[in-house]
Amino acid sequence: MRMFALPEPRRTQRRPVLALAVAVLTIGAQGAAAPAAHAAPLATANAVEGTPRGNVVIEWNRTLLNIVQTPHAPPTTVHPTRSFAIMSAAVYDAVNAISRAHPLYGTGFTAPQDASRPAAAATAAHDTLTALYPARKPSLDRQLAADLTGIPDGRAKQEGIRVGAQAAQAILTLRAHDGADATPPPYTSTGKPGDYRPTPPDFDPPVFTHWGKVTPFVLHTGDQFRPAAPPALAGPVYAAAINEVKSIGAAHSTTRTAEQTTTAKLWGAPIQNYWYSIGQQVALARHSDLDQSADLFALLNLTIADATIGVYNAKYHYRFWRPITAIRSAAGNPRVKPDPAWTPLITTPPDPSYPGMHSAIGTAAATVLAGFYGDRNVFTLTSPTASSVTETYTNFSAAATEAGLSRIWAGVHTRMDHQAGNKLGTTIGRYVLSQLKLAPAAPASPTAKPPAGSGPAGGGLAAGVTVEVRDSKLGKILTDGQGRTLYLFETDKGTKSTCYGACAIAWPPLVATGRPQAGSGASSALLGTAARTDHTTGVTYNGHPLYYYVGDTKPGDTSGQGLDSFGAKWYVLNPQGNKIDTG
């Protein structure tokens, strides 16, 4: 049984790699209390990534990431995201069968509450991986033996081993006939304009043609949130998207910047691997304990697995051709001029173009990570092709956006693919968050500084909220009484807010318990309030609900300006309450 368009990114900092260096967050020790409200964004500091310090959940996730990155280790017709989901579901069940903090994902079973959770988690991970990768059994056996050696002998240890084995077997049985072992059906192109066909230089047959029909882990079916069809081939939207990638994605583009070229190469590896690494980094930085880590990786890995199924379901439903085919033939739209010699910066992956995998997986992962930890976290990624360069990110949403855009700069996707992937990933991420109600049992950091008068969700909550006008690099803009920048969300129609859940974590609404006041430069006639569905009262201006951006760390910051996040763009407001569109 089964339980229950993003921003043009903030510019990241590029610097030489230090051995496994990561920028991390600081937080006090966390206990294994019952789940509490989402953790607030924390102050940042630089540190060197160490070992999981006895956290076997992170340790085994790292082990599986090493396995799938080893050439020829994963089966070629079974997507590796399935392995992460199976392992994390088994670990989650093993831990929660003992702690009883959450309902089990798979078949219910009982375990004594004094059983060793580290023994259970390590055994569950080991047993699933030895079943999925039998050739790796010797090294996996050694790792389990090392983990168990650190646990005192006795009944608790033995019960933990038993529970872990039971959890692993239950999940493996549950997934035994999920369609992953089906023979991928052959793909034959019709040859018509718009229909996918194998791409140069190797013209490899398309991969994972069966994956859209694999049984999801949390979704009901792979097509549950299938995006709408791509724009018409003969239309202006299609032409604009193809001409954009034709210019900026060419191997020798004169419009792509050097930074965009480096970024395209940075994100050139399988997208899910980046997000597994990000999850590990942030869990370590947050000092998440074993129970919290089990919850986190169940949430993250099940989401990524289902987003992968959803993407392939849509890809092979629409069968949309890749930019290289569209540009070289230019059939179907007179606004696109053919260029038979056009070549992308990066070799095109062997599957249809729409929707974008990087955009969907990145947005889905960022959505659930922000739902668990808040959007503002600091982490680094190392280029798989340029090991002397790293990128440092300050929030999940910016990384997800950059990952999606990088595929346009690489010449392998269009903005149509990117936007459809964003929408699909956001929807799946939000759905999983609503089904797997897991949140860290973490107190707010004493160093965190939310907006003055903030309430539990990070929004401005005070009887005397003030909205005023202050000078900024964008001109005169709307702020709160402490100078914190306020934003509008283009999706909002009238005074009704559409930003809740993970969105409200990244973009906390300005809310009040009393009448808001118009400060210097602001118009009291434009200031108002509107009820929100989370039973708070949002502050509005000129009919727009007002929000903060979690990436703004001090008064005057406008880092949220123009970001395309949670399906639409965000803008600062001028004194008249209209958006300031800086292009």
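As shown above, the structure is provided for reference.
Residues numbered from 1 in each chain as written. Predicted model: local features only at pLDDT ≥ 70, side-chain atom pairs only at ≥ 80, totals over all residues. Heavy atoms only, no water.

**A closer look at the overall build of the protein chain**
Part 1: Looking only at helices and strands, one finds 14 helices and 16 strands in the protein chain.
Part 2: Taken across its 583 residues, the protein chain has 58% of its residues classed as buried.
Part 3: Summed over its atoms, the accessible surface of the protein chain is roughly 22200 Å², and 57% of this surface lies on carbon and sulfur atoms. (Helix = DSSP H or I, 4+ residues; strand = E, 2+ residues; numbered from the N terminus. Buried < 20%, exposed > 50% of the residue type's maximum accessible area, 1.4 Å probe, protein only. Areas by Shrake-Rupley, 256 points an atom, 1.4 Å probe, with all protein chains shown as cover.)

**Notes on helix α9 (residues 290-318)**
Part 1: With 29 residues, α9 should reach 42 Å at 1.5 Å per residue; the first-to-last C-alpha distance of 42 Å fits that figure.
Part 2: Summarising burial for α9: 27 of the 29 residues are buried, a large majority.
Part 3: Near the N-terminus of α9, the side chain that reaches the backbone nitrogen of Asp291, with its oxygen 3.3 Å away, is that of Asp289.
Part 4: Positive backbone phi, at 55 degrees, marks Arg319, one or two positions downstream of α9. (Expected span 1.5 Å × (residues − 1). Polar contact = N/O pair within 3.5 Å; in protein donor to acceptor, adjacent residues only side chain to side chain.)

**A few points about the sheet that holds strand β15 (residues 564-565)**
Part 1: In space, the 3 strands of this open sheet follow the order β9-β16-β15, with antiparallel pairing throughout. Across the chains shown, the open sheet's two edge strands, defined by having one partner strand only, are β9 (487-489) and β15.
Part 2: Where β15 lies against strand β16 (residues 568-572), 2 bridges are found, and the strand directions are antiparallel. Following the sheet pairing, Ser565 is matched in β16 by Ala568. (Pairing = 2+ DSSP bridges.)

**Quick notes on the environment of Leu381**
Part 1: For Leu381, the location among the structural elements is in strand β4 (residues 379-382).
Part 2: Judged by its relative accessible area of 4%, Leu381 falls in the buried class.
Part 3: With 10 residues separating them in the primary sequence, Leu381 and Glu391 have C-alpha atoms 5.4 Å apart.
Part 4: Among all residues touching Leu381, those that are not within four sequence positions of it are Leu266, Trp267, Tyr274, Ile278, Val389, Thr390, Glu391 and Tyr393. (Contact = heavy atoms within 4.5 Å.)

**Quick word on unusual backbone geometry**
Part 1: Residue Pro200 is joined to Pro201 through a cis peptide bond whose omega torsion reads 10 degrees.
Part 2: With respect to the helices and strands, Pro201 occurs in the loop between α5 (155-174) and α6 (236-248).
Part 3: Between Tyr354 and the following residue, Pro355, the backbone shows a cis peptide bond with an omega angle of 0 degrees.
Part 4: For Pro355, the location among the structural elements is in the loop between α10 (323-329) and α11 (357-373).
Part 5: The phi torsion at Arg100 lies on the positive side, around 60 degrees, for a residue other than glycine.
Part 6: One non-glycine residue, Phe566, lies in positive phi territory at about 60 degrees.
Part 7: Relative to the elements of secondary structure, Phe566 occurs in the loop between β15 and β16.

**Observations regarding the nonpolar core**
Part 1: Counting 102 residues, the largest nonpolar core has Trp60, Val91, Trp267, Trp275 and Phe396 as its most contacted members.
Part 2: Of the residues forming this core, the biggest block, 15 residues, is contributed by α9.
Part 3: Dropping the residues within four chain positions of it, Trp60 is found in contact with Met87, Ala122, Ala125, His126, Leu129, Leu140, Gln143, Leu144 and Asp147. (Core = buried A, V, L, I, M, F, W, Y, C linked by side-chain atoms within 4.5 Å.)

**Some points on the sheet that holds strand β7 (residues 466-472)**
Within a sheet, neighbouring strands are paired by backbone hydrogen bonds and run either parallel or antiparallel to one another.
Part 1: Strand order in this open sheet of 3 strands is β8-β7-β11, and the pairing throughout is mixed. Of all strands in the sheet, those bounded by a partner on one side alone are β8 (475-480) and β11 (517-518).
Part 2: Here β7 pairs with β8 via 6 bridges, running antiparallel. Each residue of the ladder has a partner; that of Glu468, found in β8, is Thr479.

**A word on the pattern of salt bridges**
Where charged atoms from two side chains of opposite charge approach closely, those side chains can pair.
Part 1: Tallied over the entire structure, the rule returns 16 salt bridges.
Part 2: For the salt bridge of Asp114 with Arg155, the shortest nitrogen-to-oxygen distance reads 2.9 Å. You can see Asp114 sitting in the loop between α2 (80-99) and α3 (117-132) and its partner Arg155 sitting in helix α5, a full 41 residues away along the chain.
Part 3: Look at Asp114 and you get partly exposed, because its relative accessible area is 46%.
Part 4: Across the pair Asp178 and Arg175 runs a salt bridge, and its minimum N-O distance is 2.9 Å.
Part 5: Taken together, the shared-partner salt bridges connect Arg82, Arg175 and Asp178 into one network. (Salt bridge = Lys/Arg side-chain N within 4 Å of Asp/Glu carboxyl O.)

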